[in-house]
Amino acid sequence: MIARALRRWRLRPALRALREADAARDAGRWTQAAQRYRRYLQDRPQDAPVWVQLGHAEKEGGEHARAEAAYREAMRLRPEDHDAPLHLGHALKLQGRLVEATEAYDLSARLAPVNHAAQELRALRPEPESDTPRGLFRPAPMARVVEREALAAAQRAAEAAPEDREARRALAEAALAAHEHLLAREAALACWTAQPDRRHWQLARRTTGAPPPPSGQAASGGTLYDVTDLLSLVRQTGRATGIQRVQLGLAEGILADPAAAAEARFVVLAERMGPLWTLEVADLRAILTYCLAERHDPNRARALVEAAYDRARPTDLAAARHFVILGAFWFWTGAPAALARLRAAGLRIGVLVYDLIPATHPEYTSEGTVLAFRQGLAEGAQLWDFALTISEYTARELRRALAELGAPAIPIRPVPLAHRMNATLPEGGEAWPSALAGLRGQDYILSVSTIEARKNHLALFQAWRLLLAEGFEPPPLVIVGRPGWRVDDLMAQLEATRYLDGRIRIVHGISDPELDALYRGCLFSIFPSFTEGWGLPVGESLALGKLCLAAPEGATPEAGAGFAEPIDAYSPRAIAERVRHFVTDRAALAAAEARIREGFRARSWAEVSADFLAGMAELTAAPPPQRETPMPPRLAPGERWVLAQGAPACMLLGAGFEPPEDGGAPLLGAHGSLEVTLDAPATLLLRLAARPWAEMNRLGAFAEGAAPRWFGLMPGQEAAAVLDLPAGTHQIGLLLEGPLEPPPGHPDPRPIRVALREVAAVAPGAARLPPRRGIQLGPLAENPAWAAMLADGWDLSPDMVGVQPLSVAPVIAFAAEGVEAGEGLRVLLHLAVQPGAGGVLRHAGGDLPLPQAGGPLILPQRVEAGEGGLVRLRLSMAEGGMPPLRLVGLQWATETDTEGRLALLEGLLMAGGEGLGLSGAERIAQIEARLQRDAGVAPLPGGEAGRAALRLAGARRT
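Calculation notes
Residues numbered from 1 in each chain as written. Predicted model: local features only at pLDDT ≥ 70, side-chain atom pairs only at ≥ 80, totals over all residues. Heavy atoms only, no water. Helix = DSSP H or I, 4+ residues; strand = E, 2+ residues; numbered from the N terminus. Buried < 20%, exposed > 50% of the residue type's maximum accessible area, 1.4 Å probe, protein only. Contact = heavy atoms within 4.5 Å. Areas by Shrake-Rupley, 256 points an atom, 1.4 Å probe, with all protein chains shown as cover. Salt bridge = Lys/Arg side-chain N within 4 Å of Asp/Glu carboxyl O. Pairing = 2+ DSSP bridges. pLDDT = per-residue confidence, 0-100. Phe/Tyr/Trp six-rings, centres within 6.5 Å; stacked < 30°, edge-to-face > 60°. Lys NZ or Arg CZ within 6 Å of the ring centre and 35° of its normal. Core = buried A, V, L, I, M, F, W, Y, C linked by side-chain atoms within 4.5 Å. Domains from an automatic or database assignment. Axes fitted to C-alpha atoms, helices over the stretch in contact; angles between N-to-C directions. Parallel < 35°, antiparallel > 145°, perpendicular 65-115°, else oblique. Nonpolar A, V, L, I, M, F, W, Y, C, P; charged D, E, K, R; others polar. Expected span 1.5 Å × (residues − 1). Left-handed = near helix turned anticlockwise from the far one by under 90°. Patch = residues over 30% accessible without salt bridge, like charges linked within 9 Å, V, L, I, M, F, W, Y side chains within 5 Å. Polar contact = N/O pair within 3.5 Å; in protein donor to acceptor, adjacent residues only side chain to side chain.

### Considerations on the overall build of the protein chain
No. 1: When its secondary structure is counted, the protein chain shows 33 helices and 35 strands.
No. 2: Per-residue burial over the protein chain gives 53% buried out of 958 residues.
No. 3: The long-range fraction of contacts in the protein chain, counting pairs at least 24 apart against all pairs at least 6 apart in sequence, stands at 70%.
No. 4: As displayed, the protein chain has an accessible area near 39,700 Å², and 53% of this comes from carbon and sulfur atoms.

Encoded structure:
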């Protein structure tokens, strides 16, 4: 015992150093963070994750060699972890050691095939030069040779064993490394067809961004239970707490009922806007067993969840009738389109609501949680068909909240929870938390809950201080819980008082058998929470025959069923008096325990599950609320849909996209998809916005059966992708190549480099253009009709300047509105000439030598309109080859339109294209500014556009 106490005493400076290091890291003080991490590691040299944090701090501080050493130490300690080699690759790349960086990324990708290492590898190994967009890094020829040789070997292996799925997977991976995306897609689809699970679905997505077609082997069931947040938390932390523990109990009960189990499917939403995946029952049972009966082991938990994800199958929505969110409904915040798709498929949507505390008591949770909860509640209120709650109190709160939102009334059924999470544990087992070995068989008081402001642990700390100040020695207080929201002051006070000199003990991450043993061994338990949706620790204590001192707030009285001893949550002194009373008056304590044994009836999970299923039957039998079912928008030529929060266009988004934010729907990671239905053949235009740090990135757009179209991204600029598609429904895939991580210290750590802002459909054939006003081409264009002007020989993946030719004689075509056949037109083409190219450009008006210096060029044309006002303009070079220019914009007017022709003359003045799309007043102001700057003349009076044009014409003639 003395040795353990000494060890804890020695570790206190280390833990303090770790907290200081984390604070310095969060503040961007990299040198200080590195110093404090090194101090911590002096005492805890086996802590591999902290070695990784030290590497981050050294790397951000510019000490790349030291960062490398830290990452290598983390790899030595945990060779199975993919994270350290991934970051080692970053550190090596910053030192210019690209071959070693590639080896590190290869190792990371082998340890975890779906992570950022694959994208980093592709950034170091782009496609062959002929396919690489302008301005991007090109690989060394040797790297391409190695990848091609590996691809050839994989092809030979797949041909030798055509039924071997692993050989097909290897072929897909080799094709991806060699940037043969369509070959990779073919191999991945063969794997998917043979075994349609999420592992192969992800492989197919990595090839082109788009998901594979339906397999015909989807999992079917009448009721879909969403357990997304349960698996997410278990994978992240290795444990289930609070809401997730309730899901464990309900899942066990449903699986134990043969009729309910036959109808049930447990599903997860692996990507926010992606499809639902049905878990294999064996995988779910393994996770339940781990959570309820095994010791805390984060590595085992992660492996169980990832295996469950890999083996999950697509969900057959057509065979389902109900979808029920068993976990935190605000996980779906910002993605009402995902729920709307379920409604459109004919499913009725239900939700299990635990409490409304973030909305009713925002002072106890984080600002982000409050915002997400309120948004999720508002969105869900428009889509939910029924609700269950874990207490009568929560049911009343939910009815009130929905009424305040003006939402349609829905049936709500309370289903009170069980009083014990795991009633199958044997009494008198050997389990006991090793951190509390010295307390076994001793008196102590137990408090079980996450340490957060709402749970009111501060009152317990103050009550124990009061008792000590009065000369009374209370038993130790054992708190089982991890620090959470708004408790920094409390934790500082605990540390400053050395946890009241050891009288307060905190443990977390213990198993259910260990928690059960702590309840059985305590003198009594205490629960001073300010508000609850149920109050599970109260019921757990009573179910094991132990008195609980509980504040009668929120739903806690329902959990206590009249057997909990009330305490005043707002008075530490009153709490201290009740603690003193039951510590000193053991007869009173024994009487309370006898009363519990004689009268308290613990509600079991079997009863909860039966009640839950009865509630489901009752609620689903009621007619659903009358409301319009949202449907995915269909695009007709000429329509455009903006991606904004709550907009109908959100239903177009698929896996890989996050819900829309300011600036569009972010692409999370390297792969994204959307489903677009066109009423008629059209040119599909996607407008995107690159993040300011989107350097060394390019984006590919894929449609079924078509070769990808690649285009480069310019940091902080808009981009456009254009695809010609027939009528019908299309899966569009987007594939981002290059690095993904944000710059160091950026507040948003998500791997986002581009966002989708708008989807538009342009009618095929010549674009119909109005006179006078210019039309700009490329991602900044307001009018998407520019995509239809490029009749032949143009690159439909524009950059920020414009579009460039792909043939020796590119053609521009448009239909001039209101013009008869044979009518004369004046057309201005706004061009950008490549510097140093030179040569002679041939056009309808003759030959024009291109300036060697390059830059903006306006090309006047006189043409006659054809039938329907059709105009076709062809450009070529006298010397042959593709014209070295980009098409930036176009204006036209009829020869009889004097005002329109003056507008064209104004356009000649704005040779850089500044005047495109401006109003008359703005055009005049720009003319005056240009004339004053170029000719030194005084500004012209307003409205004298004609005089400006004459001055310009004279300047041009000279």
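### Some details on the pattern of salt bridges
No. 1: As enumerated under the stated definition, the model contains 49 salt bridges in all.
No. 2: Between E20 and R36 there is a salt bridge, and its shortest N-O distance comes to 2.9 Å. In this pair, E20 is assigned in helix α1 (residues 2–26) and R36 in helix α2 (residues 30–43), connecting sequence segments 16 residues apart.
No. 3: Put simply, R520 and D516 hold a salt bridge, and the shortest N to O gap is 2.8 Å. Within this pair, R520 and its partner D516 are both found in helix α24 (residues 512–521), separated by four residues, close to a single helical turn.
No. 4: The exposure class of R520 is partly exposed, given its relative accessible area of 25%.
No. 5: Each of R272, E658, E661, D748 and R750 takes part in salt bridges that share partners, so that together they form one network.

### Considerations on the pairing of strand β30 (residues 840–843)
No. 1: Taking every second residue as pointing to the same face, the buried face of β30 carries L841 and H843, while none of V840 and R842 on the other face is buried.
No. 2: Taken together, the four bridges between β30 and strand β31 (residues 846–849) define a ladder with antiparallel strand orientation. Note on β31: the bridge partner recorded for V840 is P849.
No. 3: Turn length for the β30-β31 hairpin, with the two strands adjacent in sequence and antiparallel, is two residues.

### So, the confidence of the model for the protein chain
No. 1: The predicted model of the protein chain averages 84 in pLDDT, with 87% of residues at 70 or higher.
No. 2: Low confidence marks residues 1–11, where pLDDT is under 50. Its contacts with residues over four positions away, or in another chain, come to seven contacts.
No. 3: Of the regions scoring below 50 in pLDDT, residues 934–958 engages in 27 contacts with residues more than four places distant in sequence or in other chains.

### Let's talk about helix α25 (residues 536–543)
No. 1: Along α25, seven of the eight residues are buried, which leaves the element largely enclosed by surrounding structure.
No. 2: Immediately downstream of α25, the backbone of G545 shows phi near 80°, a positive value.

### Description of the sheet that holds strand β2 (residues 264–269)
No. 1: Strand order in the open sheet formed by eight strands is β4-β3-β2-β1-β5-β6-β7-β8, with mixed pairing between adjacent strands. Each edge of the sheet is formed by a strand with only one pairing partner; in this case those strands are β4 (313–314) and β8 (412–414).
No. 2: Relative to strand β5 (residues 322–325), strand β1 (residues 223–226) runs parallel, the two sharing four bridges. Looking at β5, one finds that L224 is bridged to F323.

### Observations concerning the packing of aromatic side chains
The description of an aromatic ring pair uses the distance of the two centres, along with the angle that the planes make with each other.
No. 1: By the definition in use, this model includes 14 aromatic pairs.
No. 2: When the ring centre of F331 is taken as origin, the NZ or CZ atom of R272, which lies over that ring, is 5.8 Å away.
No. 3: The lysine or arginine in question, R580, covers the ring of F472, its NZ or CZ lying 5.2 Å from the ring centre.

### Observations regarding the nonpolar core
One broad rule of soluble globular proteins: the nonpolar side chains tend to lie buried together.
No. 1: If you look at the biggest cluster of nonpolar residues, it comprises 97 residues, and the most contacted ones within it are Y225, L231, F266, F524, V579 and F612.
No. 2: In terms of residue count, helix α13 (residues 243–256) provides more of this core than any other element does, seven residues in total.
No. 3: In terms of domain composition, this core takes at least three residues from each of domain 2 (222–414) and domain 3 (434–602).
No. 4: Aside from chain neighbours lying at most four places away, what touches V579 is I445, W464, L467, F524, I526 and L549.
No. 5: Membership of the second largest hydrophobic core comes to 71 residues, among which are L276, F329, A335 and L635.

### Topic: the packing of helix α12 (residues 228–237) against helix α16 (residues 298–311)
No. 1: Running from amino to carboxyl end, α12 crosses α16 at an angle of 140°, the nearest separation of the two axes being 8 Å. With respect to their mutual orientation, α12 and α16 come out oblique. The residues of α16 that touch α12, namely those facing T228, L231, V234 and R235, are A301, R302, V305, E306, A308 and Y309.
No. 2: A class-by-class count of the residues in the contact of α12 with α16 yields six nonpolar, one polar and three charged.

### Examining helix α29 (residues 605–621)
No. 1: For α29, spanning 17 residues, the distance from its first C-alpha to its last is 24 Å, which sits close to the expected 24 Å at 1.5 Å a residue.
No. 2: Residues W605, V608, S609, D611, F612, L613, G615, M616, L619 and T620 constitute the buried set of α29.

### Details of the packing of helix α21 (residues 457–469) against helix α27 (residues 572–584)
No. 1: For the pair α21 and α27, interaxial distance at closest approach is 8 Å and the crossing angle is 65°. Considering how the two elements wind past one another, α21 and α27 form a crossing that is right-handed. Along its contact with α21, which presents A459, L460, Q462, A463, W464, L466 and L467, the element α27 presents P572, R573, I575, A576, V579 and R580.
No. 2: The residue makeup of the contact of α21 with α27, split by class, is ten nonpolar, one polar and two charged.

### Notes on unusual backbone geometry
Trans is the prevailing form of peptide bonds, just as negative phi is the prevailing case for residues other than glycine.
No. 1: Even without glycine at this site, R486 takes up a positive phi of about 55°.
No. 2: Relative to the helices and strands, R486 resides in the loop between β10 (477–480) and α22 (488–496).
No. 3: Look at Y499: it is not a glycine, yet its phi comes out positive at around 55°.
No. 4: Counting through the fold element by element, Y499 comes out in helix α23 (residues 498–502).

### Brief notes about a nonpolar patch on the surface
No. 1: Together, L806, V808 and M882 line one region of the surface with nonpolar side chains, adding up to about 290 Å² of accessible area.
No. 2: Within the secondary structure, L806 sits in the loop between β27 (790–792) and β28 (811–816).

### A look at the sheet that holds strand β18 (residues 671–678)
No. 1: Across the sheet, which stays open at both edges, the five strands sit in the order β15-β18-β23-β20-β21 with mixed pairing between neighbours. Pairing within the sheet leaves two strands with one partner each, and these edge strands are β15 (634–635) and β21 (709–712).
No. 2: Here β15 pairs with β18 via two bridges, running parallel. Across the sheet, the residue bridging to L635 is L678, located in β18.
No. 3: Against the sheet, helix α11 (residues 198–208) touches β18, β20 (698–702) and β23 (728–737), its axis set at about 75° to β23.

### Overview of the side chain of R603
No. 1: Of note, R603 is situated in the loop between α28 (586–599) and α29.
No. 2: Here D611 takes part through its side chain, which lies 2.8 Å from a polar atom of the side chain of R603.
No. 3: In this structure R603 touches V415, P416, L417, A418, H419, R420, V608 and D611, once residues within four positions along its chain are discounted.

### Looking at the environment of M631
No. 1: Structurally, M631 is set in the loop between α29 and β15.
No. 2: Residues M631 and L652 lie 21 residues apart in sequence; the distance between their C-alpha atoms is 10.0 Å.
No. 3: Those residues within four positions of M631 in sequence are excluded, and the remaining contacts are A344 and M651.

### Observations regarding the environment of W786
No. 1: Summarising the element assignment, W786 is placed in helix α30 (residues 786–789).
No. 2: In this structure W786 comes out as buried when scored by relative accessible area, which is 0%.
No. 3: Among residues more than four places away in sequence, those in contact with W786 are L685, A720, V722, I775, Q776, L777, G778, A781, P798 and V803.

### Digging into the environment of H361
No. 1: Within the secondary structure, H361 is located in the loop between α18 (357–360) and α19 (367–381).
No. 2: Considering only alpha carbons, one finds H361 and T531, 170 residues apart in sequence, at a separation of 8.6 Å.
No. 3: H361 has contacts with Y393 and T531, leaving out every residue within four places of it along the chain.

### Considering the pairing of strand β19 (residues 682–690)
No. 1: Most of β19 sits out of view: nine of its nine residues are buried.
No. 2: Neither face of β19 is exposed, since A682, L684, L686, L688 and A690 on one face and T683, L685, R687 and A689 on the opposite face are all buried.
No. 3: Where β19 meets strand β22 (residues 718–725), eight bridges bridge the pair, whose relative direction is antiparallel. Residue pairing for β22: A689 is matched across the bridge by E718.
No. 4: Sheet analysis places β19 next to strand β24 (residues 752–762), joined by eight bridges and oriented antiparallel. By the bridge assignment, L685 is partnered in β24 with A760.

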